[in-house]
Amino acid sequence: MRALAPNADFLRHAFQQDAGLAPWDGVWHLAAFAVPESARGSRDALRETLVRLGGAPLQGGLYVCANTWEPYVEEAAHRLGAHDALTLLTTTDLRKGDTREPAELARSLWPLQEIADRYHRLSRITRPRLAQLTGPVELSPAALLTIAVELAAVLTRAMDPDPLLPPQLVPHPWPGAQARKLLARSWAALSERGHGKAHPALFRLYADITRETTEPAAH
């Protein structure tokens, strides 16, 4: 189950972005490192971690992210024994060549079409499962678990390479937000069908995250 799950913090942040609860402050977060050739394994692992955390390479050893990633980067650098080689900084004035407009920078730095295509696939897979979950046919606990695992797996394939760029930096409508909206409805239907008892803790966590970021706050 752990292997299927995207990080809960990132999933929560994605839903907060979709709900307009995490507006971008215009700050770019940068990480630079210079790990010697003798520690190539640590260097490669740190590079892969930065990309997985949403970073894009600007040039050799310098990566940029649109979200606050410092705690995750530092944890990885400590774990890999590369913290002394790590430099972190922020800026509101990022330029790449003549490009400085934030949305244009995002288009040049991240493969937005590939990311969008993965979310289109997530929507295509989620829609028929949502129809099953909201239809009149009774579903067994095994069928519910199968749907939950399928949705978790395809969500991970969509989200693991997603830098979770703020809405200001991606085209509108953004297929990631649309796919997650379908997914939230599916998790709610799963929870209702299973009366909150038929799923592992991972799926209850998903349901809790989508509920807290999609339901209006109580007054």
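Refer to the structure above for everything that follows.
So, how was this worked out
Numbering of residues starts from 1 in every chain and runs along the sequence as written. Residues qualify for local features only when their pLDDT is at least 70, as the model is predicted, and side-chain atom pairs are given and counted only at 80 or more; totals for whole chains, interfaces and linings, by contrast, use all residues. Neither water nor hydrogens contribute to the side-chain values; these are computed over all heavy atoms in the structure. Secondary structure elements are taken from DSSP: a helix is a run of H or I of four residues or more, a strand is a run of E of two residues or more, and numbering for both begins at the N terminus. Only protein chains enter the calculation, and the probe is 1.4 Å; a residue is then buried if its accessible area is under 20% of its type maximum, exposed if over 50%, and partly exposed in between. Residue contacts follow a heavy-atom distance rule, with two residues in contact if any of their heavy atoms lie within 4.5 Å. In this description, accessible areas are obtained by the Shrake-Rupley approach with a 1.4 Å probe, and a residue is regarded as covered only by the protein chains that are shown. To estimate how far a helix should reach, multiply one less than its number of residues by 1.5 Å. Across the chain, bend at a residue is computed as the angle between axes fitted to the seven residues ending at that point and the seven starting from it. Throughout, the protein atoms alone are placed on a 1 Å grid, and a set of points is a cavity if a 1.4 Å probe fits but cannot get out or a pocket if it is open with protein on both sides within 12 Å along at least five of seven lines; lining residues have an atom within 4 Å of a point. Grid points are joined across faces, edges and corners, and a volume is the space filled by probe spheres set on the points. Gly falls in the polar group here, along with every residue not listed as nonpolar (Ala, Val, Leu, Ile, Met, Phe, Trp, Tyr, Cys, Pro) or charged (Asp, Glu, Lys, Arg). By this definition, two strands are paired if DSSP reports at least two bridges between them. Axes here refer to lines fitted to C-alpha atoms; in helices the fit is confined to the stretch in contact. Angles between the N-to-C directions go from 0 to 180 degrees. We define a salt bridge as a side-chain nitrogen of Lys or Arg found within 4 Å of a carboxyl oxygen belonging to Asp or Glu. By the definition adopted for this analysis, an angle is roughly parallel if under 35 degrees, roughly antiparallel if over 145, roughly perpendicular if from 65 to 115, and oblique otherwise. Nitrogen and oxygen atoms within 3.5 Å of one another constitute a polar contact, given that in protein one can donate a hydrogen and the other can accept it, and given that sequence-neighbouring residues count only through two side-chain atoms.

> Which parts of the structure should I look at to understand the overall build of the protein?
Scanning the protein for helices and strands turns up 8 helices and 4 strands. Counted from the first residue to the last, the protein has its helices and strands arranged as α-β-α-β-β-α-β-α-α-α-α-α. Within the protein, the proportion of its 219 residues that are buried is 44%. Within the protein, residue pairs in contact and separated by at least 24 positions form 76% of the contacts whose partners lie at least 6 positions apart. Surface summary for the protein: the accessible area is close to 11,600 Å², and the carbon and sulfur share equals 53%.

> Is there a simple way to think about helix H5 (residues 112-134) in this case?
Because an α-helix completes one turn every 3.6 residues, residues spaced three or four positions apart along the sequence face the same direction. With 23 residues, H5 should reach 33 Å at 1.5 Å per residue; the first-to-last C-alpha distance of 32 Å fits that figure. Of all the bends found along H5, the most pronounced is centred on Thr-126 and spans about 25 degrees, while Pro-128, a proline, follows it within four residues. Those residues of H5 that fall on the buried side of the exposure criterion are Leu-112, Ile-115, Ala-116, Tyr-119, Leu-122, Ser-123, Ile-125, Thr-126, Leu-130 and Leu-133. Buried residues belonging to H5 abut helix H4 (102-109), helix H6 (141-159) and helix H7 (175-193).

> I'm lost on the layout of surface pockets in this one. Help?
If you roll a probe as big as a water molecule over the atoms, it shows you where there is empty space left. In this structure, the second largest pocket spans a volume of roughly 170 Å³. If you go around the second largest pocket, you meet 16 residues; those closest to its centre are Asp-18, Pro-167, Val-170, Trp-174 and Ala-177. Here the lining of the second largest pocket is built from residues that sort into 11 nonpolar, 2 polar and 3 charged.

> What's the story with unusual backbone geometry in this structure? I'm lost.
In terms of backbone geometry, most residues other than glycine have negative phi values and most peptide bonds are trans. Here the residue pair His-172 and Pro-173 is connected by a cis peptide bond, since its omega of -5 degrees sits within 30 degrees of zero. At Leu-164, a position not held by glycine, the phi torsion is positive, near 50 degrees. For Leu-164, the position within the fold is in the loop between H6 and H7.

> Sorry, what's going on with the sheet that holds strand E2 (residues 56-59) here?
Backbone-to-backbone hydrogen bonds join strands into a sheet, with any given pair of strands oriented parallel or antiparallel. Taken together, 4 strands build an open sheet; the order of strands is E2-E3-E1-E4 and the sheet is antiparallel. Either end of the sheet is taken by a strand with one partner, and the two such strands are E2 and strand E4 (86-91). Shown here is a sheet whose adjacent strand axes are inclined to one another by a mean of 30 degrees, direction ignored. Bridging between strand E1 (residues 28-33) and strand E3 (residues 62-65) involves 4 bridges; their strand directions are antiparallel.

> When you look at the pattern of salt bridges in this model, what are you seeing that I'm missing?
Any two side chains of opposite charge can pair, on the condition that their charged atoms come close. A complete count under the given rule lists 10 salt bridges for this structure. The salt bridge partner of Arg-47 is Asp-44, with a shortest N-O separation of 2.9 Å. Placement of the pair is Arg-47 and Asp-44 together in helix H2 (residues 40-52), with a separation of 3 residues, close to one helical turn. Take Asp-44: its relative accessible area is 26%, and that puts it in the partly exposed class. Salt-bridge contacts for Glu-150 lead to Arg-129; the nearest nitrogen and oxygen are separated by 3.0 Å. Within this pair, whereas Glu-150 is found in helix H6, its partner Arg-129 is found in helix H5, the two being separated by 21 residues in sequence. Because the salt bridges share partners, they merge into one network encompassing Asp-18, Asp-162 and Arg-180.

> Quick question: what am I supposed to make of the packing of helix H1 (residues 8-18) against H7 here?
At a closest axis distance of 10 Å, the pairing of H1 and H7 adopts a crossing angle of 110 degrees. Here H1 is positioned roughly perpendicular relative to H7, judged by the angle of their axes. Judged by residue contacts, Ala-14, Phe-15 and Asp-18 of H1 engage Ala-177, Arg-180 and Ala-184 from H7.

> Looking at this structure, how should I read the side chain of Thr-156?
Structurally, Thr-156 can be placed in helix H6. A relative accessible area of 8% places Thr-156 in the buried class. A polar contact of 3.0 Å, which involves the side chain of Thr-156, links it to the backbone oxygen of Ala-152.

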